[in-house]
Amino acid sequence: MSEFEEWLRRSMDAAVADQAPPNGLMRQVRRRHTQRGIRLAASAGSAMLLLAAVVPLARTWHGGGQQHAGASGGGVLRIVAASGPDHFDPVPAYYTADYILERAYARQLVTYRTVPDPSLTSAGWQHDTSVVPDLASQVPTVRNGGITSGGRVYTFHLRRGADWNTIPARQVTASDFVREFKAFCNDAPGGFVGNLNYYADTISGLASYCRAESIFFSGTHKHPVTAANVVAFQNSHTISGIVAVNPLTLRFRLIKPASDFLNLLALPFASARPVEYDRYLPNSAQLDRHLLSDGPYAVDPVVSNKPIVLRRNPAWRQSTDPVRHQYVRKIVVDIGLDDAATQISDLRQGRYDLMLDTDVPVNELAGLAGSPEFHVWPNANMMPYLVFNLRSPNARHAASQRDVRRAIEFGVDKAAIQRVFGGPSIAKVNTSVQPAGTLGHIALDPYPSAGNRGNATKCKADLAAAGYHSGVTLKFLHARDSLDQAVFDAVKASLARCGIRLRNDALASQQFYPTLGNESQNGKPGAFDIGLVGWLPDWFGNDGRTTLAALFKTQCTENTTNYGCYSNPKVDQAISAGEQARTPAQAARAWASVARQVMSDAAVVPLTDLQSPILSSARVREAGLRAGVVFAPNLGGPDITNLWLSKG
Amino acid sequence: MSRLADEFFEDFVRSRSAHLYQLALLLTGHQADAQDLLQVVLERAYRRRSALSRDVDPEPYVRKAMVNAAIDRRRLLWRRREHPLDDAENRVEPSDPIGQVADRDLVLRLLALLPPRQRSVLVLRFWEDLPEAEVAKTLGCSLGTVKSHSSRGLARLRELAGSQPGSQLGPARAEVP
């Protein structure tokens with residue numbers, strides 16, 4: 001920018017800064033409109049035709065800065081919760097309950113709509129999992145000039161008129177996003193970003209920024225972790241790949257192209273962060289008492305052991321928000337009621353409207369089926385699956401032999417697992433590591449059996465091929481939980497048919513994942529041969545980075561999510577291709593090839609894809625439904641900014 | 001649906017009218033012209049309010065309509081008949097008493113001396129902060145045309161600013177002994 005251009009910009013700003021149109025503008029516009037109508041009507045018939053042409057057809061419409069037909073405002077939405085949200089600060093918040101509430105007060109550059117999605121093949125699922133503009137005025141594409149440099153530069157223009165609820169209200173700016181990313185690697189207790197890898201692997205300069213911050217606070221200088229020091233570091237360091245070009249233009253530079261970068265920016269970690277938050281330590285109680293909002297609701301100061309209250313945010317405008325609404329007057333979350341059956345009876349009797357953090361228990365599903373306030377929505381996950389510990393020396397390294405693993409792939413009765421979770425409408429059988437509804441999904445069933453009940457003959461044959469003629473005994477690790485125990489029982493019964501004996505070890509959940517993930521380090525590689533785990537992606541659709549890469553990229557390190565230390569150079573190569581794809585189509589091909597190879601190697605046994613049951617009180621309404629609410633997959637629950645209460 | 005479209009449109013006008021009026025002022029240089037331009041364009045948008053309410057953001061449409069109406073030669077001539085260029089009453093208030101900007105009206109007078117397309121490009125580029133591609137889309141011309149209008153407009157403006165003896169403004173002042 002030359003000095004003269006800068007002068008021009010400032011002069012133009014100064015010349016018009018406090019200029020406003022005269023009052024009654026809308027009245028003037030309407031008068032002009034009426035006069036024009038009279039002129040047109042007075043002239044020939046062709047003018048009438050013209051008028052007819054501009055009269056639009058009435059049509060229902062979802063999202064886009066407008067209210068839903070039939071929606072009404074007012075009332076208090078009452079939510080019941082067992083433990084409530086973990087965090088209010090969007091940087092560390094990484095839990096369903098956090099996401100559900102953040103929807104109301106923290107906005108991103110891009111986000112997802114909430115629309116009814118009766119099946120994975122429907123347009124609804126596509127809509128639910130495709131990003132749309134939020135604070136950005138449009139989704140950047142190559143065509144509109146928002147994605148340049150071969151997919152490595154993303155430019156966003158922010159909506160004018162989207163404000164923080166400060167006094168006076170203030171425009172949300174590009175710097176508010178830079179501030180959020182600068183807070184990712186803060187050293188405050190519990191303040192670190194929920195998932196750094198997605199961003200450090202993609203955005204130029206973020207990893208080195210975080211290294212510098214770590215040295216600043218824990219290196220030789222050891223600056224004490226105070227709000228002043230955190231903000232001092234943030235203000236004296238830059239992330240090379242994130243630049244506020246001007247107050248309303250934000251530019252990201254990536255290390256390599258990433259066709260899912262917009263999905264990363266739609267995660268609540270990438271919310272705007274107001275400058276006022278610099279006064280407090282990230283994730284602190286002080287911050288929670290001073291939350292600001294750029295969404296339709298603002299959070300009252302948070303006091304522990306008190307209900308969480310959200311009220312309409314007067315600074316929010318529907319015209320600046322294409323996805324959220326401001327129907328109910330107030331939202332109250334009561335915490336501490338952890339019995340699921342009691343919560344359900346509270347909803348049935350109208351004492352509460354929604355559950356925040358409690359699943360509908362399997363034994364309640366049958367009683368709810370057929371009720372108009374109860375729906376089961378699609379999901380696309382691996383909940384649960386079996387992972388083989390390829391490092392285990394047990395039974396002559398049985399788990400490291402592909403034929404043994406294939407025997408188990410054939411042997412497991414997946415229909416029995418479905419019954420554990422409540423039947424086929426709740427649990428869909430997975431025959432591949434790519435559930436239906438993910439980008440690049442191909443119909444893949446390399447270990448088929450009639451009715452998915454398992455094939456004992458094939459199981460025995462593969463076991464014999466591996467040299468285990470008189471069967472084998474393996475160690476099975478699962479979390480101490482009644483559902484996990486029931487899944488283990490079903491797997492044990494089905495594998496017994498082909499001579500595979502399982503001994504189980506049930507661990508409390510706080511020990512379970514560390515034991516799974518740290519085997520190669522803690523000197524007990526034989527702690528398990530088969531583990532029972534589940535995986536829910538952080539976003540849906542173009543989700544290879546959050547599923548296949550997380551589970552199958554070579555990464556035998558502490559706290560790995562590749563629990564079995566699976567490693568195949570061909571798979572690593574395809575994962576890299578998927579992560580660096582410039583287009584979703586390229587990514588789809590790469591992810592499909594990962595799935596094919598992983599299934600051929602029999603690294604894991606996919607079991608089921610758990611769908612999303614959700615219940616509401618009888619008075620809650622949402623567009624497109626007679627009763628009940630939509631499960632928004634990217635929130636992991638209902639979208640509280642999309643609901644209203646029936647007056648009846 | 002019409003009631004909803006009305007509400008949507010009114011909400012848009014309420015929240016964006018100040019900004020749009022400022023844009024109109026930069027494009028026309030006169031308060032009366034700016035008011036008129038804004039009303040004409042908003043009436044045009046009001047006719048299409050139902051369609052616009054289905055867009056995420058109606059502003060690009062309104063902006064485009066405004067810039068094109070301001071460039072429209074026939075309309076310009078018509079305006080000239082109604083308001084002579086030296087109509088002092090309709091000028092933006094001169095001189096900022098604080099003195100930080102000696103004559104904040106100057107930039108409006110200078111812009112008014114540019115051909116309408118050059119003026120529009122400079123306003124969209126440097127006041128609206130639109131990327132060049134977006135400016136091209138708004139004006140319905142090529143990227144190359146935007147670039148050439150921009151550089152010619154800047155050069156001409158620099159020349160005009162430098163030749164203003166009373167001007168306290170801009171780097172052009174440095175070139176004036």
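First, a word on scope: everything that follows refers to the structure included in this document. A quick note: this is a predicted structure, and the numbers were derived from the prediction, not measured.

What follows deals with the sheet that holds strand E11 (residues 308-312) of chain A. Residue and element names in this part refer to chain A. The strand order across the open sheet formed by 5 strands is E10-E11-E12-E1-E13, and the pairing between neighbours is mixed. With one partner strand each, in any of the chains shown, strand E10 (297-299) and strand E13 (354-355) form the two edges of the open sheet. Bridging between E11 and strand E12 (residues 330-335) involves 4 bridges; their strand directions are antiparallel. Along E12, the bridge assignment pairs Leu 310 with Ile 331. The strands that helix H4 (residues 96-105) touches are E10, E11 and E12; relative to E11, the one it contacts most, it runs at about 25 degrees.

All right, on to the pattern of salt bridges then. Residue and element names in this part refer to chain A. Inspection of the entire model under this criterion finds 30 salt bridges over all chains. For Arg 324, the salt bridge goes to Asp 134, with nearest N and O atoms at 2.7 Å. Here the residue Arg 324 occupies a position in the loop between E11 and E12, and Asp 134 occupies one in the loop between strand E3 (131-133) and strand E4 (147-148), the gap between them amounting to 190 residues. Judged on exposure class, the residue Arg 324 and its partner Asp 134 are both buried. Close ionic contact of Asp 353 with Arg 619 constitutes a salt bridge, the shortest N to O distance being 2.8 Å. Separated by 266 residues along the polypeptide, Asp 353 in the loop between helix H12 (340-348) and E13 and Arg 619 in the loop between strand E22 (612-615) and strand E23 (620-622) bring together distant segments of the chain.

This structure, assessed with the given rule, holds 20 aromatic pairs over all chains. Between Tyr 94 of chain A and Phe 269 of chain A, the aromatic rings sit 5.0 Å apart at their centres with planes inclined by 75 degrees, giving edge-to-face as the arrangement. With a gap of 175 residues between them, Tyr 94 of chain A in the loop between strand E1 (76-81) and H4 and Phe 269 of chain A in the loop between helix H10 (261-266) and helix H11 (285-288) connect regions that are remote in the sequence. For the pair Phe 9 of chain B and Phe 12 of chain B, a centre-to-centre distance of 6.4 Å together with 50 degrees between the ring planes defines the contact as tilted. Remark: Phe 12 of chain B and Phe 9 of chain B occur in helix H1 (residues 2-28); sequence separation between them is 3 residues, near one turn of the helix.

Residues and elements named next belong to chain A. One pass over the full model with this rule turns up 8 cavities of 30 Å³ or more. Roughly 170 Å³ of volume is contained in the largest cavity. Broken down by secondary-structure element, the contributors of at least two residues to the lining of the largest cavity are H4 and strand E2 (110-112). Broken down by element, the residue count for the lining of the largest cavity peaks at 3 residues, all from H4. Partitioned by chemical class, the residues of the lining of the largest cavity number 9 nonpolar, 4 polar and 6 charged.

With that settled, consider the nonpolar core. Residue and element names in this part refer to chain A. In terms of nonpolar packing, the biggest core is built from 90 residues, with Leu 77, Phe 156, Phe 181, Phe 184, Tyr 199, Ile 203 and Phe 252 touching the most fellow members. Among the elements that make up this core, the one with the highest residue count is H4 (6 residues). If you look at the next biggest cluster of nonpolar residues, it comprises 68 residues, including Leu 390, Ala 407, Val 412 and Val 533.

Calculation rules
Residues numbered from 1 in each chain as written. Chains lettered and ligands numbered in written order. Predicted model: local features only at pLDDT ≥ 70, side-chain atom pairs only at ≥ 80, totals over all residues. Heavy atoms only, no water. Pairing = 2+ DSSP bridges. Helix = DSSP H or I, 4+ residues; strand = E, 2+ residues; numbered from the N terminus. Contact = heavy atoms within 4.5 Å. Axes fitted to C-alpha atoms, helices over the stretch in contact; angles between N-to-C directions. Salt bridge = Lys/Arg side-chain N within 4 Å of Asp/Glu carboxyl O. Buried < 20%, exposed > 50% of the residue type's maximum accessible area, 1.4 Å probe, protein only. Phe/Tyr/Trp six-rings, centres within 6.5 Å; stacked < 30°, edge-to-face > 60°. 1 Å grid on protein atoms, 1.4 Å probe; cavity = no way out; pocket = protein on both sides within 12 Å on 5 of 7 lines; lining within 4 Å. Points joined across faces, edges and corners; volume = space filled by probe spheres on them. Nonpolar A, V, L, I, M, F, W, Y, C, P; charged D, E, K, R; others polar. Core = buried A, V, L, I, M, F, W, Y, C linked by side-chain atoms within 4.5 Å.

What is shown is where atoms sit, not what they do.
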